[in-house]
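# A structural walkthrough
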Amino acid sequence: MPGTATEPTQDKAEAPDSAPSSAPSSAPSAKGKAAGKDGKPSSAVARLAKMGLRRSVDLVLHLPMRYEDETTLMPISEAIRRAGLGQPAQVEGEVISNEVTFRPRRQLVVKIADDSGELTLRFLNFYGSQTKQMEEGVRLRVRGEVRGGFFGAEMVHPTVRPVVPDEPLPDRLTPVYPATAGISQAYLRKAISGALSRTPMPETLPAAVLQGPLAKLKLRPLGECLRLLHTPPPQESEAALADRSHPAWLRIKFDELLAQQISLRRAHEARREKNAPSMPRHEGGLLTRFLAALPFRLTGAQQRVVGEIAADMTAQHPMHRLLQGDVGSGKTIVAALAACQAIDAGYQAAIMAPTEILAEQHYRKLSAWLEPLGVPVVWLAGSLKAREKRAAVARVESGEARLAIGTHALIQDTVRFARLGLSVVDEQHRFGVAQRLALRGKAAGTEPAPATAAVAPETVPHQLMMSATPIPRTLAMTYYADLDVSVIDELPPGRTPIVTRLVNDERRDEVIERIHHAAAEGRQVYWVCPLIEESEALQLQTAVETYETLVAALPDLRVGLVHGRLPPAEKASVMDDFSANRLQVLVATTVIEVGVDVPNASLMVIEHAERFGLAQLHQLRGRVGRGTAESVCLLMYQAPLSPTARERLATMRETTDGFEIARRDLDIRGPGEFLGARQSGEAMLRFADLNTDAWLVEYAQEAAQLMLTQFPEAVEAHLSRWLGGREHYLKA
Ligand code: ADP
Ligand code: MG
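The following paragraphs examine the structure supplied in this document. (Residues numbered from 1 in each chain as written. Chains lettered and ligands numbered in written order. Predicted model: local features only at pLDDT ≥ 70, side-chain atom pairs only at ≥ 80, totals over all residues. Heavy atoms only, no water.)

Time to look at the site of ligand 1. In the region of ligand 1, 17 residues are neighbours, and Arg-297, Gly-328, Thr-332, Arg-495 and Asp-597 sit closest. Contacts to ligand 1 include Gly-330, whose backbone N or O atom sits 3.1 Å from an oxygen atom. About the coverage of ligand 1: the protein hides 88% of its 570 Å² of free accessible area. Residue composition of the shell around ligand 1, grouped by class: 4 nonpolar, 6 polar and 7 charged. (Near = heavy atom within 4 Å. Polar contact = N/O pair within 3.5 Å; in protein donor to acceptor, adjacent residues only side chain to side chain. Areas by Shrake-Rupley, 256 points an atom, 1.4 Å probe, with all protein chains shown as cover. Nonpolar A, V, L, I, M, F, W, Y, C, P; charged D, E, K, R; others polar.)

Next up, the structure:
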């Protein structure tokens, strides 16, 4: 049974030797020496440090992930009777035989017996010391799962401990801690119980807070809760401890959420203390000319969010705003208007998109809009030839290029902006925390601070993030508290709703017939190939095969193929042909998932739709329904469907509302998975679980507010206890 990162490693026979008589000293080791003066092995201390357990208080807050019940013994016959139920049993018996056998491989086989029966213990990996420890006649206390083996009932690799007759059983549940390889449970238990006894945990919540806004929660003192969770008294409900519904857990979760909320607010304040270039709008500038040249009017929702963004950019503090709007709601134009405002004020703007297809589409659209108005726009992506890239970077650096559009290439070290005033991140959920920080880190080149200013506050560009993936309110509150949110809740007029149908894979012929029909009416079609998560190569192969099949089945139509492995130039030319209606059918992998905008396409076919997630299906479907023609999305599936796949497809059929879809997605998947990669706030939550504890967030916010305004010392004490220097994650 190899130990994994989170499962506890087994207590090895040598564990008691290396178990510490002391844990890391209560103050963080100032001299930076891992080995204590008592000569404890530095490796264990270093491993603890790697797990984030540096201070005594870290150990105290390292709480069990589950418990083992070692408080009772079972007669061996009873344990055998329950074999196969998958539940561990604890028995005690005397060793009646002990031998090392070599068939089928070297192993230690020990037999023990009590009054009721005999049991075999089998060890496939063992130390010589273990053989000795389990000599004939020794009394063993053994814990493990009984299975029916080839030679009768046995335990494989049980936990064993020699005991004297009538040695008392523990009267409390035994905690099992999250651990990494090389740290035994015995070591952790000792280290933690030492820390628990020498570390006072004074109350950090002022009485006015506990008895004020939090009165309803009836929070128990933290110290008491910690002791209870580390060493639960026998009468406590094992179930409530295990599923974390026990009142002691409530206190822990609350304190953790409070620390998170406080530090999110702090991050917000820190941002307010930074400078950003103020870029007031003025009449007659680029922005006005651009609006006048637009072939359509902004929707009410677009006007509102443009106003919110404009106000932020007028302020001297950096904007940190998320623009949420369903697919097709028209976010690009809003970004373009913000860019105009920055350019009008004499600054540069940058727009970063997660895929080259999307970035390039933005580039084409925006340069077509803005270059006629005299704005130099530059394109920056990984696929550029070295010489072109150098030229692009030079234009950005000199300040000649006023708007830079591209992929991750924008955030490389070699790219320096002369005067970056606004950075826009499209489809922001596709980027990691570090990448978003990097674009923000491209400092705004402002005039040197006046000599009178002793310490000039840092100047950073305004930041606008855009996403079609709506984040439910509770998540937004905990993950992105330092983020202002604007929502476009209205689609541009003249769109006909997309009709979604589920089609069994076997009715492929009918689907091909529909394609004919759509093409005959001058419409265009996307055909999305199945997602094959296990193998990119296989996915590619499927795409090529699908392409060939469709070419054969639709001899009168022009069919194109686009996938991630295509050289960028070829990719661009296929997309070009599709945009210009030189191709009627585009076979694609999920590279077209985000942002692609070809309004004339009105039929979307998704093969093996059951393999996609809801957010992805919604994004894909959003590629159609962008023009005035009635659009159809056919979700082809292969029966039988799993219950969750069925639920997902039903949701797609029932609604096209992105917020509703996100809400159901949250129901189906839970928030943990919702945001994809672990990011910002989530990294801080070890105990609170937003599936079950979201209701606590509002209390934590209220308490945070009160403490920040009235109890600054309490804030410090609480943060240092819970965070000890992990705050920077919150700033993305
Ligand atoms: P998304 O929010 O998904 O990024 P886009 O910005 O790509 O959406 O816009 C979708 C389509 O709607 C584009 O073709 C865009 O030109 C068009 N559009 C945006 N705003 C309006 C509007 N107010 N009236 C008409 N069409 C609009
Ligand atoms: Mg978009």
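Take the sheet that holds strand S16 (residues 484-488) next. Pairing is parallel across the open sheet formed by 7 strands, whose spatial order is S12-S13-S11-S14-S15-S10-S16. This sheet does not close on itself; its edge strands, each paired only once, are strand S12 (377-380) and S16. Averaged over all neighbouring strand pairs, the angle between strand axes comes to 20 degrees, with direction disregarded. Both strand S11 (residues 348-352) and strand S13 (residues 403-406) contribute to a ladder of 4 bridges, which runs parallel. Opposite Ile-351, over in S13, you have Ile-405 as the bridge partner. Each of S11, S12 and S13 touches helix H14 (residues 356-370); the most contacted strand, S12, lies at about 170 degrees to it. (Pairing = 2+ DSSP bridges. Helix = DSSP H or I, 4+ residues; strand = E, 2+ residues; numbered from the N terminus. Axes fitted to C-alpha atoms, helices over the stretch in contact; angles between N-to-C directions. Contact = heavy atoms within 4.5 Å.)

The subject of this paragraph is the side chain of Asp-312. With respect to the helices, strands and loops of the structure, Asp-312 is situated in helix H12 (residues 300-314). In this structure Asp-312 comes out as buried when scored by relative accessible area, which is 17%. In this structure the side chain of Asp-312 is engaged in a polar contact, spanning 2.6 Å, whose partner is the side chain of Arg-321. Non-local contacts of Asp-312, meaning those with residues more than four positions away in its chain, are made with His-317, Met-319, Arg-321 and His-462. (Buried < 20%, exposed > 50% of the residue type's maximum accessible area, 1.4 Å probe, protein only.)

Nonpolar side chains tend toward joint burial in soluble globular proteins. Leu-214, Leu-226, Leu-229, Ile-252 and Phe-254 are the most contacted members of the largest nonpolar core, which has 58 residues in total. Breaking this core down by element, the ones donating at least two residues are helix H2 (42-50), helix H3 (56-60), helix H6 (185-198), helix H7 (207-210), helix H8 (222-230), helix H10 (247-273), helix H25 (690-710) and helix H26 (712-722). Per-element tally for this core: the top contributor is H10, with 9 residues. For Ile-252, the contacting residues outside a window of four places in its chain are Leu-63, Leu-222, Cys-225, Leu-226, Leu-229, Phe-687 and Trp-722. Ranked by size, the runner-up nonpolar core spans 37 residues in total, among them Leu-294, Ala-349, Leu-370 and Val-424. (Core = buried A, V, L, I, M, F, W, Y, C linked by side-chain atoms within 4.5 Å.)

The full count for this structure, using the stated rule, is 6 aromatic pairs. The interplanar angle of 55 degrees and the centroid separation of 5.1 Å between the aromatic rings of Tyr-526 and Phe-578 together place this pair among those described as tilted. Of this pair, Tyr-526 sits in strand S18 (residues 524-528) while Phe-578 is found in helix H20 (residues 568-579), placing the two residues 52 residues apart along the sequence. Both residues of the pair, Tyr-526 and Phe-578, belong to the buried class. Positioned over the ring face of Trp-249 is Arg-244, at 4.2 Å from the centre of the ring. Stacked on the ring of Tyr-347, the Lys or Arg Arg-419 has its end atom at 4.4 Å from the ring centre. (Phe/Tyr/Trp six-rings, centres within 6.5 Å; stacked < 30°, edge-to-face > 60°. Lys NZ or Arg CZ within 6 Å of the ring centre and 35° of its normal.)

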